[in-house]
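# Summary of structural features
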Amino acid sequence: ATGFEVSEDGKVYTIHLREDAVWSDGEPVTAQHFVDGISRLLSPELANDYAYVMFAVEGAAEYNAGELETLDSVVAVDDYTLQVTLTEALSYFDSILAFSTMHPIRLDVIEEFGEDWTQPGNFVSNGAYILAEHNPGENVVLTKNELYWDAANVAIETIELPIIIEPATSLAAFEAGEVDATNAMDAGYPGEETPRLIEEYPDNFVRLPRPGTYYLGFNTTAQHTNNVNLRRALSAAVDKRVILDDVDAKPWRIDAYGVIPPEIVGYQGKGEVGYEFDLEAAQGYLQAYMDEAGIGDPSEIVIELWYNKSGDNQSILEAVEAMWEANLGIDVRTVNVEWGTYLETLEECNVIGGGGF
């Protein structure tokens, strides 16, 4: 796009597309391709997990649910003008304009190749690169798209992306010079490596705000965690700084006390919301729960803590387990499962009204 305007009521976005953009097969990129992309994303048949991101668009939720046959709020005014109407004004919708849920699509390519439309040789791109190779589980190779509108400023001709499952293996490949860049840090390389890496690569370490909140959710319909005092005890018995400084070994991170993460508008810190580490208070909450529930010994309280195996989850959750057992005397049992199993279990919990783990 070259720019966009927003109506006075904040509900109508008019986006102007550049007229020199073409797909890798030479076809012009038009507003209709964006209409097709959004409509396909929201189609009930596709059942896309990210459809909800576009529910701010007027009629999008109803269209996704199969209650509307057409999505009239996303319109190609002409070949290079796209108009999107929202249900209400949203201050963050300009960010969604740059998100993948706004990507254009070529329905003619999908119709021609069916399920193979994303394979090398079939897939068309309107970006700086095209897909040259995809060897599942091994690698992806991208080559420069000579028809990209800004191809003159694309310096790298070929990008090879080896698929490395384990973050530690990816990090080792980076240090051995086998790869030029790695997202092992983002994916969760072993936390104990942090001090060494910062020391050995001081010029490479840059702290950038990436707002997000790591949290434990309680099943509020389960025994014990259905009581607010027990939940308060669990919260107050966790020393966040020990986890950040010693377990996760990322001392630059900020301990959070509410759902809104640090460093964004609306953040509330220590003393405003949530619970800071307070052993005396935690034990007081625990005793209040035990008196109410008629429990004589805290070891009678069994808490099952589910988590997935990715990143630093295991070391963090084992630290939480140790803190709960040492500070409260309760019986904590961790269950380490694969990501898919974790999501299925989480969804079951949501369905029955528990609200998560």
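Residues numbered from 1 in each chain as written. Predicted model: local features only at pLDDT ≥ 70, side-chain atom pairs only at ≥ 80, totals over all residues. Heavy atoms only, no water.

### Re the packing of aromatic side chains
- Counting across every chain of the model gives 10 aromatic pairs.
- Summarising the aromatic geometry, the rings of Trp-117 and Phe-123 are spaced 6.0 Å apart at their centres and angled 40° between planes, so their arrangement reads as tilted.
- For Trp-117, a relative accessible area of 17% corresponds to the buried category.
- Exposure remark for Phe-123: the relative accessible area of 33% places this residue in the partly exposed category.
- Counting every residue linked through ring pairs, the aromatic cluster contains Phe-4, Tyr-13 and Phe-93. (Phe/Tyr/Trp six-rings, centres within 6.5 Å; stacked < 30°, edge-to-face > 60°. Buried < 20%, exposed > 50% of the residue type's maximum accessible area, 1.4 Å probe, protein only.)

### Things to note about helix H1 (residues 31-42)
- For H1, built from 12 residues, the straight-helix expectation of 16 Å at 1.5 Å per residue is met to within 8% by its first-to-last C-alpha distance of 17 Å.
- Listing the buried residues of H1 in full gives Ala-31, His-33, Phe-34, Val-35, Asp-36, Gly-37, Ile-38, Ser-39, Leu-41 and Leu-42.
- Of the surrounding elements, those touching the buried residues of H1 are helix H2 (60-64), strand E3 (74-78), strand E4 (81-85) and helix H4 (107-113). (Helix = DSSP H or I, 4+ residues; strand = E, 2+ residues; numbered from the N terminus. Expected span 1.5 Å × (residues − 1). Contact = heavy atoms within 4.5 Å.)

### A short note on the sheet that holds strand E7 (residues 158-162)
- Spatially, the 3 strands line up as an open sheet ordered E5-E6-E7, and their pairing is antiparallel. Two strands lie at the open edges of the sheet, namely strand E5 (129-135) and E7, each paired on one side alone. Each strand axis lies, on average, 15° off the axis of its neighbour in the sheet, ignoring direction.
- The pairing of E5 with strand E6 (residues 139-144) spans 6 bridges and is antiparallel. Across the sheet, Leu-131 pairs through a bridge with Leu-142, a residue of E6. (Pairing = 2+ DSSP bridges. Axes fitted to C-alpha atoms, helices over the stretch in contact; angles between N-to-C directions.)

### Observations regarding the side chain of Asn-139
- Its place among the elements puts Asn-139 in strand E6.
- For Asn-139, a relative accessible area of 17% puts it in the buried group.
- Non-local contacts of Asn-139, meaning those with residues more than four positions away in its chain, are made with Glu-133, His-134, Leu-161, Pro-162 and Ile-163.

### A word on unusual backbone geometry
- Positive phi, normally seen in glycine, also occurs at Ala-47, with a value near 50°.
- Tracing the chain through its elements places Ala-47 in the loop between H1 and H2.
- Here Ala-47 falls in the exposed class, since its relative accessible area comes to 55%.
- If you check the backbone angles, His-224 has positive phi at about 80° while not being a glycine.

### A word on the side chain of Thr-81
- Residue position: Thr-81 is located in strand E4.
- A polar atom in the side chain of Thr-81 sits 2.9 Å from the side chain of Asp-78.
- Dropping the residues within four chain positions of it, Thr-81 is found in contact with Thr-14, Ile-15, His-16, Ala-31, Val-75 and Ala-76. (Polar contact = N/O pair within 3.5 Å; in protein donor to acceptor, adjacent residues only side chain to side chain.)

### Topic: the pattern of salt bridges
- Under the criterion given, the structure shown has 10 salt bridges.
- Here Arg-106 and Asp-25 are joined by a salt bridge, their closest N and O atoms 2.8 Å apart. A residue pair is termed long-range when its members are at least 10 positions apart, and Arg-106 in the loop between helix H3 (93-97) and H4 and Asp-25 in the loop between strand E2 (12-16) and H1 qualify at 81 residues.
- In this structure, Asp-108 engages Arg-106 in a salt bridge whose closest nitrogen and oxygen atoms are separated by 2.8 Å. (Salt bridge = Lys/Arg side-chain N within 4 Å of Asp/Glu carboxyl O.)

### Brief notes about the sheet that holds E3
- An order of E1-E2-E4-E3 is seen for the 4 strands of this open sheet, with the pairing classed as antiparallel. Two strands bound the open sheet, and with one partner strand each, they are strand E1 (3-6) and E3. Between one strand and the next, the sheet's axes are offset by a mean angle of 20°, whatever the strand orientation.
- Bridge analysis of E2 against E4 gives 5 bridges, and the strand direction is antiparallel. Directly across from His-16, in E4, lies its bridge partner Thr-81.
- Contacts from H1 reach E3 and E4, with the element oriented near 175° to E3.

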